Amino acid sequence: MICKLKYIVLVSLVLFIAPAFAQVAGNAMAVKNTIAVDPSDAKEKIILKAAHVVPTPNQYAALRNEFIAFIHFGPNTFTRMEWGSGMEDPKIFDLKELHTDQWCEAMKAAGMKMVIITAKHHDGFVLWQSRYTKHGIMSTGYKDGKGDIFRELVNSCKKYGLKVGIYLSPADLYQIESPDGLYGNLSKYTKRTIPRAVPGRPFTNKKTFEAEVDDYNEYFMNQLFELLTEYGPIDEVWFDGAHPKTKGGQKYNYIAWKKLINTLAPRAVIFGKQDIRWCGNEAGRTRDTEWNIIPYPEDPGLMNSFPDLTDASLGSREDLYKAKFLHYQQAETNTSIREGWFYRDDERQQVRSADDVFDIYERSVGGNSTFLLNIPPNREGKFSSTDHDVLIEVGKRIKETYGNNLFKNAKGPQQVLNDNVQDFILIDKNKPEIIISTAKPVTINRIMLQEAVATHSERVEQHAVDAWIDGAWKQVAEATNIGYKRILRFPEVTSDRFRIRILQSRYTPAISNVAAFYYKTRPPQLQFTRSIHGQITIEPKLQAFAWNPNGENAAKNINTGYTIFYTVDGSEPMRSSTKFTAPFSIEKGIVKAVAYNNGEKGPVAERTFGIVKQNWKLIDSDGETARHKAVFAFDENARTYWQSADGGAEHFITIDLGKEYTLKAFAYTPQIQSPNGLLAKGIIKISADGQNWKDTESFEFGNLINDPVTRTHYFASPVQTRYIRVASTALTGDGKNLTIAELDFFE
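Residues numbered from 1 in each chain as written. Predicted model: local features only at pLDDT ≥ 70, side-chain atom pairs only at ≥ 80, totals over all residues. Heavy atoms only, no water.

A.B. asks: Can you lay out unusual backbone geometry for me, pointing to particular residues and giving the numbers?
C.D. replies: For the peptide bond that leads from I194 to P195, omega is 0 degrees, which places it in the cis range. Examined against the element boundaries, P195 turns out to sit in the loop between β6 (190–194) and β7 (209–213). You will see that E66, though not glycine, has its phi angle at about 65 degrees, which is positive. The phi dihedral of K143 is positive, around 50 degrees, even though this residue is not glycine. (Helix = DSSP H or I, 4+ residues; strand = E, 2+ residues; numbered from the N terminus.)

This is the structure in structure tokens:
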């Protein structure tokens, strides 16, 4: 809804102004990347220290990248596996052509600033012409063994102005499984020179390192040396913590690796170590409050191994009180555009929608982290058209939304309005607010705030945004911390005066940027859900994405201000229909609904509901698993499902409907986690007493693997029963278990 206002022009500067050069202003002590906590420090002193922990210049540059790309490419692309064995014949990587320009053009259009490629994944296969192994691109038919995928990507990145990062897996199954492999071979730690000289392959860079390492650490450092000296500047080195297999108690000498990286790639940040941490999931799920000042039990600068930090809360006051060291370590929110890290196919491997990717962008970049999105090339060396189109659409939305700052030329403290991140204002603790006024009313639904984290850390703990509406301030958004960047999303509001209030902080906040934007929301597609008691809810449709679901409804998150109308008599819904404001009940029948947004009408959704399941009871089944109980087949939650016991094609589930009904049809909703075990064929049986059974009729559902949506079977003649059994006679794929996400029966 667009809110009207009475025009009031007033500029209020209720703050202290700090020029950009006064970087110590507003600080009670020297700022550092890591600050030790003394045992005698009171809680107030610990929080004061936390308010002076800042990113390094490299970390800050990485934060400013904001949206970056991941490329998983290798033998798994051709074997359709997520993790290889390490013993694949390199020739399985049957690449005929490579289109890195197409990758970079799409990534640039999406607004990405850097790309990280799996130079070596867990299988040990390398994508560059390494001196130290033959298990890689040099042993394939690509360009007669002379191809170098990493070099081609680097050249394309230069052409399109993208930074470059490398993923080099510490785990190496080829070196584990090979008879003469170096991983875990129990070699002694001795003083060695990095890089090891190879006849006929001299390095242009004559720098050498002396390190006390074993065979595998030397091998790993030799490869790091190649990647960091022969391909131009590297801005991120990505170390995966996953280990499909270990051997011989192999340890990694990260301290030696770090010295090499810091020397050869002085502007690079290191993921998985002291610079950048994993967000804790691979789903694109974000924390509502993402602090980057992290408590540590020991000095991170001296640590060799770093744990995954997966707790819901990492940097709250209570977390900080437990610290011995306070350290700046930002999060990377990583996920894949496809179901899986590597490309498998274009038929069964679901691709995230533009809504989903844009939502993750706003939640991650606008939630004090960096967004790392994986786009796996296909077997033709390209981004598939679906992935490409999503990137283009997301980039278009980012540019259209965040390329037009509606506070440009606004009146207010220019330090937060001039787009210079080195400028900032210090908030007056006696009146902690910023007021911005515009020459004429503007309609906005996004506010972006930034703290001067490079000089003044992360200090804001709670804040709110108000708009001047009808002669009074009205709150339109509220959130917790700000940090590097916070994007607040809210229903659109029109005003010429806005206020940012700092409600709680750790010390004097330094705000460097305030901007306002408008995202063109769309009336979303809708979906219906029903509770076990029959209460129907209508909301934006959740995309079916089975791989690491993040639990977020992207269409709901990004499209605010819409209104839903519905009917229950089969008529087409319109503005004059019933407005959806809360869940409602119907015993059975058809519901139709539509969303309106800014006068635009969305697509009509409809669903026919069967009998309410409140009184249904499970009689028996031919088994279940611990995670997939039989009752999940009728719990009104399509994201859970029943999985039967192992066996052939014949399985069954028996349900007491609570009373006798005259049934005309039944519906089967398949699970979407696996193409195996779907109900391809079966038979319906009925009973008057739950003991003696009568076959009613058989049914068949085709093409379930490629189209796993709800299927309905209509009975040739109505059947009257209280007890009903659904039995399978054929399953999809090579499944030995029947799976059912939901069963429905219709009168």
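Having seen the structure, we can now continue with the description.
A.B. asks: Run through the sheet that holds strand β21 (residues 526–530), naming residues and quoting values.
C.D. replies: The antiparallel open sheet is built from three strands, whose spatial order is β21-β22-β25. Two strands bound the open sheet, and with one partner strand each, they are β21 and β25 (584–585). When strand β22 (residues 535–540) meets β25, the two strands line up antiparallel, connected through two bridges. Bridge assignment links I536 to a residue of β25, and that residue is F584. (Pairing = 2+ DSSP bridges.)

A.B. asks: Describe the environment of V568, and please don't skip the residues or the numbers.
C.D. replies: Assignment of secondary structure puts V568 in the loop between β23 (563–567) and β24 (578–579). The spacing of V568 and T578 is 10 residues in sequence and 9.3 Å in space, taken between C-alpha atoms. Excluding its chain neighbours within four sequence positions, the residues that come into contact with V568 are F584, I586, I590 and V591. (Contact = heavy atoms within 4.5 Å.)

A.B. asks: An account of the packing of aromatic side chains is needed here, citing residue identities and associated values.
C.D. replies: For the structure on display, the rule yields 47 aromatic pairs. Ring plane angle 40 degrees and centroid distance 5.5 Å describe the contact between Y252 and W257, whose orientation is recorded as tilted. Like Y252, the residue W257 is buried in the burial classification. Consider the rings of Y254 and W257, whose centres lie 6.5 Å apart with planes at 85 degrees: the pair is edge-to-face. One end of the pair, Y254, and the other, W257, are both in helix α8 (residues 254–264), three residues apart, so they sit about a helical turn from each other. Exposure class is identical for Y254 and W257. Each is buried. Three or more aromatic residues link up through ring pairs in this structure, and these residues are Y183, Y216, Y219, F220, F239, Y252, Y254, W257, Y296 and F306. The lysine or arginine in question, K273, covers the ring of Y254, its NZ or CZ lying 4.7 Å from the ring centre. The ring of F652 carries R725 above its face, with NZ or CZ at 4.6 Å from the centroid. (Phe/Tyr/Trp six-rings, centres within 6.5 Å; stacked < 30°, edge-to-face > 60°. Buried < 20%, exposed > 50% of the residue type's maximum accessible area, 1.4 Å probe, protein only. Lys NZ or Arg CZ within 6 Å of the ring centre and 35° of its normal.)

A.B. asks: A description of the sheet that holds strand β2 (residues 34–36) should follow, citing residues and the corresponding values.
C.D. replies: The sheet built from three strands is open, its strands ordered β2-β12-β11 with antiparallel pairing. Each end of this open sheet is capped by a strand with a single partner; those strands are β2 and β11 (293–296). Neighbouring strand axes in the sheet, compared pairwise and without regard to direction, differ in orientation by 20 degrees on average. (Axes fitted to C-alpha atoms, helices over the stretch in contact; angles between N-to-C directions.)

A.B. asks: Help me get a handle on the side chain of Q223, residues and values and all.
C.D. replies: Looking at the secondary structure, you find Q223 in helix α7 (residues 215–229). Residue classification places Q223 among the buried positions, given a relative accessible area of 0%. In contact with Q223, not counting residues within four places along its chain, are K120, V126, W128, S130, Y132, T133 and L168.

A.B. asks: Run through the pattern of salt bridges, naming residues and quoting values.
C.D. replies: One pass over the full model with this rule turns up 44 salt bridges. Salt-bridge contacts for R530 lead to E636; the nearest nitrogen and oxygen are separated by 3.0 Å. Of this pair, R530 sits in strand β21 while E636 sits in the loop between β29 (617–621) and β30 (642–643), placing them 106 residues apart in sequence. On the basis of relative accessible area, R530 is assigned to the buried category, the value being 3%. When its relative accessible area of 14% is taken as the criterion, E636 is described as buried. Linked through salt bridges whose partners overlap, the residues forming this network are D359, E362, R363, R446 and R489. (Salt bridge = Lys/Arg side-chain N within 4 Å of Asp/Glu carboxyl O.)

A.B. asks: Now, about the side chain of Q250: what can you tell me, with residues and values included?
C.D. replies: With respect to the helices and strands, Q250 occurs in the loop between β8 (236–238) and α8. With a relative accessible area of 13%, Q250 lands in the buried category. Polar side-chain contacts of Q250 include one of 2.7 Å to the backbone nitrogen of G184. Looking at Q250, its side chain comes within polar contact range of the side chain of D214, at 3.0 Å. Those residues in contact with Q250 that lie beyond four places of it in its chain are L182, Y183, G184, D214, Y216 and N217. (Polar contact = N/O pair within 3.5 Å; in protein donor to acceptor, adjacent residues only side chain to side chain.)

A.B. asks: Give a detailed account of the nonpolar core, specifying residues and quantitative values.
C.D. replies: The biggest cluster of nonpolar side chains holds 94 residues, and the ones touching the most others in it are M107, I149, F150, L224 and L228. With eight residues, α7 is the largest single contributor of residues to this core. When sequence neighbours within four positions are dropped, the list of residues in contact with L228 reads I166, I234, V237, L260, I261, L264 and A265. (Core = buried A, V, L, I, M, F, W, Y, C linked by side-chain atoms within 4.5 Å.)

A.B. asks: Break down α8 for me, citing the residues and quoting the values.
C.D. replies: What α8 keeps buried is the set Y254, A256, W257, K258, L260, I261 and L264. Of the surrounding secondary structure, the elements contacted by the buried residues of α8 are β6, β7, α7, β8 and β9 (269–271).

Interpretation in functional terms is not warranted from these geometric data alone.
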